[in-house]
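Analysis of the macromolecular model
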Amino acid sequence: MIQLIARKELVSLFGSPLAWILLALVHWVLAWSFLARLDSFLHIQPQLAMIANAPGATEAIVAPVFAMAAVMLLMATPLMSARLIAGERHNRTLALLVSAPVAARDIVLGKFLGLMTFLCVMIVLATALPACLLAGGRLDLGLVLGNAAGLFLVAACFASLGLYLSCLGTRPATAAAATLGLLLILWMLDTPGESGNLGLARDLSLLAHYEHFNRGLIDSFSLAYLTLFVVVFLTLSSHRLGGEGLHDGAGRALRHGMLALLAILVAASLGYLARETRTQWDISQNGRNSLSQASVTVLENMHGPLEAVVYAAPQDAQARDVRRIVREFLARYQRAKPDFNVTFVDPAEHPDHARKAGIQAPVEMVVSFRDRHERLDQFNEPALTHLLMRLARPGERVVALLGGHGERRPDGMAGHDMGAFGSRLAARGYTVETFNLAATAGTPAGFDLLVIASPRIELREGEVDRLLAYLDAGGNLLWLVDAGPLHGLQPLAEKLELTLMPGVVADPRARDLKLPMTVALGIGYGRHPVTRDFGDTTMFPFARQVIVDENETWRSVPLVEAAHQGWVETGDADAAMAFDAAYDVPGPVNVAVALTRILQDREQRVAVVGSGHFLTNTYLGYGGNLDFGINLVNWLTEDEDLMTIQLRSVLDAGLAFDEPTLAVISATLLAILPLGLLMSGLIIGWLRGRR
Amino acid sequence: MTRTPALLATNLVRDFGACSAVRGVSLVLAQGEVLGLLGPNGAGKTTLMRMLTGNLAPGSGSVEICGIDLRDRPLEAKAHLGYLPDVPPLYPELAVGEYLRFAAGLRRVPAAAIPAALDRVMRKCGLEGTGRRLIGALSQGYRQRLGIAQAILHEPDVIVLDEPTVGLDPAQIRTMRALIRELGTRHGVILSTHLLAEVESVCDRVQIMHRGSMVHQDTLAGLRRRGLSLEALFMQATTGGGDTEDAADEPAALS
Ligand SMILES: Nc1ncnc2c1ncn2[C@@H]1O[C@H](COP(=O)(O)OP(=O)(O)O)[C@@H](O)[C@H]1O
Ligand SMILES: [Mg+2]
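Now for a description of the structure that goes with this document. (Residues numbered from 1 in each chain as written. Chains lettered and ligands numbered in written order. Predicted model: local features only at pLDDT ≥ 70, side-chain atom pairs only at ≥ 80, totals over all residues. Heavy atoms only, no water.)

1. Digging into the site of ligand 1
All names here are of chain B. What counts here: For each residue, the test is whether any non-hydrogen atom lies within 4 Å of the molecule or strand; if one does, the residue is near. Counting of polar contacts relies on pairs of N or O atoms within 3.5 Å, with two restrictions inside protein: one atom must be capable of donating a hydrogen and the other of accepting it, and residues adjacent in sequence are counted only when both atoms are side-chain atoms.
Around ligand 1 sit 11 residues in total, of which G42, G44, K45, T46 and T47 are the nearest. One of the backbone N or O atoms of A43 is found 3.2 Å from an oxygen atom in ligand 1. T47 is positioned such that a nitrogen or oxygen atom in its side chain is 2.5 Å from an oxygen atom of ligand 1.

2. Digging into the interface of chain B and chain A
Put simply, the rule reads: Residue contacts are counted whenever heavy atoms from the two residues lie within 4.5 Å of one another. Put simply, buried area is the surface a 1.4 Å probe can reach on two separate parts but cannot reach once they are joined, added for both. One speaks of a salt bridge when a side-chain nitrogen belonging to Lys or Arg is within 4 Å of a carboxyl oxygen belonging to Asp or Glu.
Between chain B and chain A, the contact holds 34 residues from the first and 26 residues from the second. In total, chain B and chain A occlude about 2900 Å² of area from one another, counting both sides; carbon and sulfur atoms represent 61% of this. For the chain B face of the interface with chain A, the top three residues by lost area are Y91, F102 and L106 of chain B, together amounting to 20%. Remark: the boundary between chain B and chain A carries two salt bridges.

3. A short note on the sheet that holds strand β17 (residues 567-569) of chain A
All names here are of chain A. In plain terms, the rule: Strands are labelled as partners when DSSP assigns at least two bridges between them. Secondary structure elements are taken from DSSP: a helix is a run of H or I of four residues or more, a strand is a run of E of two residues or more, and numbering for both begins at the N terminus.
Sheet architecture is open: three strands sit in the order β12-β17-β18, paired in antiparallel fashion. Here the strands that pair on one side only, and so sit at the sheet edges, are β12 (504-506) and β18 (585-586). When β17 meets β18, the two strands line up antiparallel, connected through two bridges. Bridge assignment links W567 to a residue of β18, and that residue is P586.

4. Some points on the packing of helix α3 (residues 57-90) of chain A against helix α7 (residues 172-188) of chain A
Residues and elements named next belong to chain A. Definition in use: The axes are straight lines fitted to the C-alpha atoms, using for helices just the contacting stretch, and the angles between their N-to-C directions are given from 0 to 180°. A clockwise turn of the near helix away from the far one marks a right-handed crossing, whereas an anticlockwise turn of less than a right angle marks a left-handed crossing. The classification used treats Ala, Val, Leu, Ile, Met, Phe, Trp, Tyr, Cys and Pro as nonpolar, Asp, Glu, Lys and Arg as charged, and all other residues, Gly among them, as polar.
At a minimum axis separation of 8 Å, α3 and α7 run at an interaxial angle of 145°. Read as a crossing pair, α3 and α7 show a hand that is right-handed. Contacts between α3 and α7 involve A70, V71, L74, M75, P78, S81, A82, A86, G87 and H90 on the former and, on the latter, P172, A175, A176, T179, L180, L183, L184 and W187. Of the residues assigned to the contact of α3 with α7, the class counts are 14 nonpolar, four polar and no charged.

5. Some details on the sheet that holds strand β13 (residues 519-525) of chain A
Residue and element names in this part refer to chain A. In space, the nine strands of this open sheet follow the order β8-β7-β9-β10-β20-β19-β16-β13-β14, with mixed pairing throughout. This sheet does not close on itself; its edge strands, each paired only once, are β8 (430-436) and β14 (538-541). Sheet twist, expressed as the average angle between the axes of neighbouring strands with direction ignored, equals 25°. In this structure, strand β19 (residues 589-599) lies alongside strand β20 (residues 602-609), joined through eight bridges in antiparallel fashion. Looking at β20, one finds that A592 is bridged to V609.

6. Considerations on the packing of aromatic side chains
Residues and elements named next belong to chain A. As a reminder of what qualifies: Pairing of aromatic rings covers Phe, Tyr and Trp, the last counted by its six-membered ring, and requires centre-to-centre distances within 6.5 Å; plane angles under 30 degrees mean stacked, over 60 mean edge-to-face, and any other angle means tilted. Three exposure classes are used, based on accessible area relative to the maximum for each residue type with a 1.4 Å probe and protein chains only: buried under 20%, partly exposed in between, and exposed over 50%.
Counted under the stated rule, the structure contains 16 aromatic pairs over all chains. Ring geometry for W187 against Y210: centres 5.9 Å apart, planes inclined by 35°, an arrangement best described as tilted. Separated by 23 residues along the polypeptide, W187 in helix α7 and Y210 in helix α9 (residues 206-214) bring together distant segments of the chain. Since its relative accessible area comes to 7%, W187 is described here as buried. Residue Y210 is classed as buried on the basis of its relative accessible area of 1%. Between the aromatic rings of F447 and Y470, the centroid separation amounts to 5.7 Å while the plane-to-plane angle is 50°, which identifies the pairing as tilted.

7. Some thoughts on the nonpolar core
Nonpolar side chains tend to gather and get buried jointly when the protein is soluble and globular. For the record, the criterion: What makes a nonpolar core is a set of buried Ala, Val, Leu, Ile, Met, Phe, Trp, Tyr and Cys residues whose side-chain atoms join them at distances within 4.5 Å.
Among the nonpolar cores identified, the biggest contains 146 residues, and F118, L151 and L206 of chain A together with L100 of chain B are the most heavily contacted of them. In contact with L100 of chain B, not counting residues within four places along its chain, are L118, V121, M122, L146, A149, Q150 and L153 of chain B. Judged by nonpolar contacts, the second largest core, of 39 residues, contains L449, V505, I630 and V633 of chain A.

Given below as structure tokens:
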């Protein structure tokens, strides 16, 4: 019976051109916005590659299009739902259904099913848009699936509310207007108003629940809320329609009101239960809603409760709900560490608290663990996880940069200095200092790691001997070597059994990123703690090839292979660069290596990178350079369990379309499909009318 | 008769705000009988029929169809019912065949029996060859016949027809009346009308309604036996109260 009624609804709908026109229109608008987003994504793609933690194609293109589709459905559904019952009353056809031996429940479910089938066609058309992207790369299918599921659920909510309002009256236009109005209110309930107390409003807002799905998050409370919403309104519809011809007047209104109250009470208590037992699953393949493994490891190693007090006004100057942004960010940590307690304090209400805590930024939090406190005003995963590392780490680590020979300075702000990297290390709890051989005597000591960063003045023989003694004593070393002369450090290279090849690595692929060819792109990574799970591109300017000679002393692992389509340019680097098979070594070229050996039952660690530029202020922000540098230092200072947060690289980072494919996709989405839908509608209408 | 009546209504009352449309009407319909509800416009015939078919809740009183209480077991009671409202419940965007198949499905006609039922009913109602036409494109006469077709296609025990011959031309009226008489041999039929001639030509029994009340009832045979004319009876019953709402319509009703 349900099927019969649903089928009749579909024949009614698709028999007339209106439904087809609506489908074509909605699809056209969505396709247009989709293609616009695709176009701008293809344009900014090279820049995105250089931003750490950049969104993938699915997040940048598909999720916003689905959010837009939800709004289009919100507008389209009242048009379709209003006629379901009110329209039949208006045309006096309801008598056919009511005098037939059909339960009101079946009528309601049949109508609902019919409308949902139509809406599903819209959803399938919307899902067809991301499917086109598969022609040019990969997609985060989990995220697409979450979005489609969310769209389906909110469409069901729209349809059930529309159906109920349609049951109440005899005028379709009134029902449509009421549905649209109510849906808009329910949709935007979330937008903060004057009151500031938005707890309940957020819990009731359809948009707030849809947003979870939009981010690829399955939230048990959202799932329960949306389902209860549908069930309540279908129940009410069926009760209202069932009362038709049985009860009348005030008696019916009273009975219906009582049932409505009861249904809402039951739904509210179930909803409350669902809210209290809320769990969330991240179904996006990129795991953008989950913590990286490194953060999870840090949390696992923190035994005992963790407290955070967030000083934030209920909304910021732009009226954004900052607390919610912070709460959602911290929720990822709370999912991994249930005894992470978060409280919010309004600094305007408790200025004394805020002052005592030393709060300066508009939004800042104090995290406490075992009587240690740290402040944080950046709300991103690396920042918070590093703070947690500092809280968890018992001692201090000292990194010393060799000074006195024109090396890059850890506190210098010039482009060729490493001030930015130095402060990043400091922010992670390292003490960073300059070590001057001339100011001390004997074997260098007093730090956990020595960094030699591109000296520009010849080291004296005695100085080099002391560096060699440091190595012999088992000290850890990071050596950044530029192309060009070694300034007296040749014995060091011999000690490490390295051959440092002359010439600069040239990489034509850099041009794709609008970089000079002298920037070698690191893509292949060795199996090593430093580069474990590493997916970002690293960028090494003016790199030189590092070759490890056969030897018994050092165990070596090549870390980075760069310039896969490039070569080592032995000619003049300033002249036009071109591959010369006679002299140049073809890529890929090894530009970084990790060395270890066992000395007095302890592992000595050394890393050599054939580019001094990659950690400078100029290039630190390029691709994964910062992460790579931090990983190196962590490993060299034996902080393996606290390796940097390797923000997972997204699997749908790159899309590549050739012009013809793009043209075919645009033509199909913008012209062929909508026109096909329109034509189908017109042809079917014409055929049916002609008989 | 010991057999349960096809339809039994007791003391039905219905008010619309201050206006009482039906005030305490009872009626019995035996199987194999055609009952005519005669009354001027506004007498409450349509309101009464909507209550009989479960489309309108009675203020008080009860309805039984084949002995089944309409309020307590509405689905079972409605299974014995066919109803043509005063406005035929047609979907203009559907084709005639689609519509009748839908109606048959709603009335729980087994899928296997639907084609035969459709054939039969379309032949009876003079709808042959219209199966693929859109209802919206049909003329008034066809629509009225389609409305009757949906009411009888599942061979219900009780057929309620609200002014079934409105909008038909004289020839169609004649065939329609013949059809109703034929239905009356096997089913219980109630039809409402304001046309005396209609009652005289098809009904076994007549109940005259006026301003919401049943003012007279008799069998046609009994009237003939007593030499009473329906017309005189109707005039007497409906003008007795004086200020009939639709007094102006009455001369037309007598044509
Ligand atoms: N839905 C309604 N709302 C208010 N009054 C109504 C409604 N339906 C019928 N009436 C009133 O009830 C009375 C009986 O109407 P009706 O049953 O249609 O008469 P008939 O079918 O005999 O012409 C009329 O006075 C009419 O105005
Ligand atoms: Mg009437």
